[in-house]
Every structure is written in C-alpha cells, then in structure tokens.
Amino acid sequence: MSGKFLAGLLLVALGAGLRFWALDRHSLWTDEFFTLQRITGAPAPAEATPPLYFVLLQYWTAAAGLTPAALRAFSALWGVAGLLVIWLAGARLVSPPAGLFALAVAALSPFHLAYSQEARPYAMLFALSAASFWTLAEALRGGTRWWLAWVACTAALLYTHYWGLFVWAAGALYA
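Residues numbered from 1 in each chain as written. Predicted model: local features only at pLDDT ≥ 70, side-chain atom pairs only at ≥ 80, totals over all residues. Heavy atoms only, no water.

Participant: Would you take a moment to explain the nonpolar core for this structure?
Facilitator: Nonpolar side chains in soluble globular proteins tend to be buried together. Grouped together as the largest cluster of nonpolar side chains are 18 residues, with contacts concentrated most on Y53, L57, L71, W78 and L128. The set of elements that each furnish at least two residues to this core consists of α2 (30-40), α3 (52-64), α4 (68-93), α7 (122-142) and α8 (144-158). In terms of residues, this core owes the most to one element, α7, which gives six residues. When near neighbours in sequence (up to four residues on either side) are disregarded, Y53 contacts T35, L71, F74, S75, E118, A119, R120, P121, M124, Y159 and T160. Residues A16, L83, W87 and A106 belong to the second largest nonpolar core, which totals ten residues. (Core = buried A, V, L, I, M, F, W, Y, C linked by side-chain atoms within 4.5 Å. Buried < 20%, exposed > 50% of the residue type's maximum accessible area, 1.4 Å probe, protein only. Helix = DSSP H or I, 4+ residues; strand = E, 2+ residues; numbered from the N terminus. Contact = heavy atoms within 4.5 Å.)

What follows is the structure in structure tokens.
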C-alpha cells in the first residue's frame, strides 16, 4: 500500500470521525425541524426545495429512526461520500498529491463539517456537485459510460437542490 493511499485513507477516516462526532449535541434547529416535519408529513411551511434528499431521508429514517443523531447521520454519510469523491477526482484528473490536498482541505473545512452535520441537503449537494464535475471531465476525455454517469449525477443533483443549476451551467461552460 502506497504512502499516498494510506494518507488518503487516514484523512477520510479523520473526516468521517469529525462528521459523525457528537451529532446529538444540539436539538434540532428551525430548518432541521422543517426537514423532520417534511419527511413525517406533519404540517410544515412550504419549502421550495427539490425532493430527492427528503425522499431518501424518509427511507433512511425508516431504518435509523427520527432522533437528531439519526437525521444528521444521513448528511454525515453524504459528507464522507463527498470527501471520497473529491479525493478520487483530484487524484485522477490532476495528480495524487492534488487529490490528497483537496481531500485535506475538504476534510478539515469547518463549513463542510458544519453542513455535513445538519439534517439539510447541503452535504448531498456537495457530493453530487463534485461527482458531476468529475464525470463531466472524464466524459470529455472520451468515455461513453462517463456521459451516462454525468447524466445520472447531474440529474440527481438537480433533484437535490436548485443550486445544482449553477453546477450544471458551469459544466456547460466548461464543456
């Protein structure tokens, strides 16, 4: 096992530990409470957010429960997935040291950490955005399966959050 790969695994483990640490230290805040209301069918303020995150979260909570820690763990998983995607994409598209650097920045980013610990779609948005850019870059290098992966990632992104439109537009300009 190479030293760069081991360093990457250690950074992912550190990032995962930080994202899953103390998920229940606070009660739900307003937007997280809206998430809970939305997935349980309780009366909630209208929210103009695409449904994919909330549909998947309903399946997650059916297995994991409705505690604050269980709700936030779904986002923490997406946060860790985002770390993996940013590492692998950076290593493949630029260089292994660039992938490690991108992983270290994301793993230790207080913003990425905060959004990976709240029951909102932002960690999923990050992971799918990174996956969308990666698959587009690979598709432009010449690979039919990468085009299919880009369509799937970008469609999921657009069904997760409207900010995905900016990622799609940036990808269109890049292409």
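Participant: Honestly, the packing of aromatic side chains in this entry has me stumped. Any pointers?
Facilitator: Geometry of an aromatic ring pair is reported as the spacing of the ring centres plus the angle between the planes. Per the stated rule, a full pass over the model turns up nine aromatic pairs. Between F74 and W78, the ring centres sit 6.4 Å apart and the planes meet at 80°, which makes this aromatic pair edge-to-face. On the criterion of helical spacing, the pair formed by F74 and W78 is a turn pair, its members being four residues apart in helix α4. As far as the burial class goes, F74 and W78 line up, both buried. Ring-pair connections join several aromatic residues into one group, and the members of that group are Y53, F54, W60, F74 and W78. (Phe/Tyr/Trp six-rings, centres within 6.5 Å; stacked < 30°, edge-to-face > 60°.)

Participant: Any chance you could explain the environment of V12 here in plain terms?
Facilitator: Tracing the chain through its elements places V12 in helix α1 (residues 3-20). Expressed as a C-alpha distance, the spacing of V12 and L173, which sit 161 residues apart in the sequence, is 31 Å.

Participant: Quick question: what am I supposed to make of the side chain of T61 here?
Facilitator: Relative to the helices and strands, T61 is located in helix α3. In contact with T61, other than residues within four places in its own chain, are I39, L66 and L71.

Participant: Please explain a nonpolar patch on the surface as it appears in this structure.
Facilitator: A cluster of nonpolar side chains, contributed by M1, F5, L6, L9 and L10, occupies part of the molecular surface with about 540 Å² of accessible area. Secondary-structure assignment places F5 in helix α1. (Patch = residues over 30% accessible without salt bridge, like charges linked within 9 Å, V, L, I, M, F, W, Y side chains within 5 Å. Areas by Shrake-Rupley, 256 points an atom, 1.4 Å probe, with all protein chains shown as cover. Salt bridge = Lys/Arg side-chain N within 4 Å of Asp/Glu carboxyl O.)

Participant: Looking at this structure, how should I read the packing of α3 against α4?
Facilitator: Axes are the key here: two packed helices are described by the angle between their axes and the distance separating the axes. Two elements in contact, α3 and α4, have axes whose closest approach is 9 Å; the angle formed by their N-to-C orientations is 120°. Classified by the interaxial angle, the pair formed by α3 and α4 is oblique. Between α3 and α4 lies a crossing of right-handed hand. Only A70, L71, A73, F74, S75, L77 and W78 of α4 make contact with α3, whose side of the interface consists of Y53, L56, L57, W60, T61 and A64. Residue classes in the contact of α3 with α4 are distributed as eleven nonpolar, two polar and no charged. (Axes fitted to C-alpha atoms, helices over the stretch in contact; angles between N-to-C directions. Parallel < 35°, antiparallel > 145°, perpendicular 65-115°, else oblique. Left-handed = near helix turned anticlockwise from the far one by under 90°. Nonpolar A, V, L, I, M, F, W, Y, C, P; charged D, E, K, R; others polar.)

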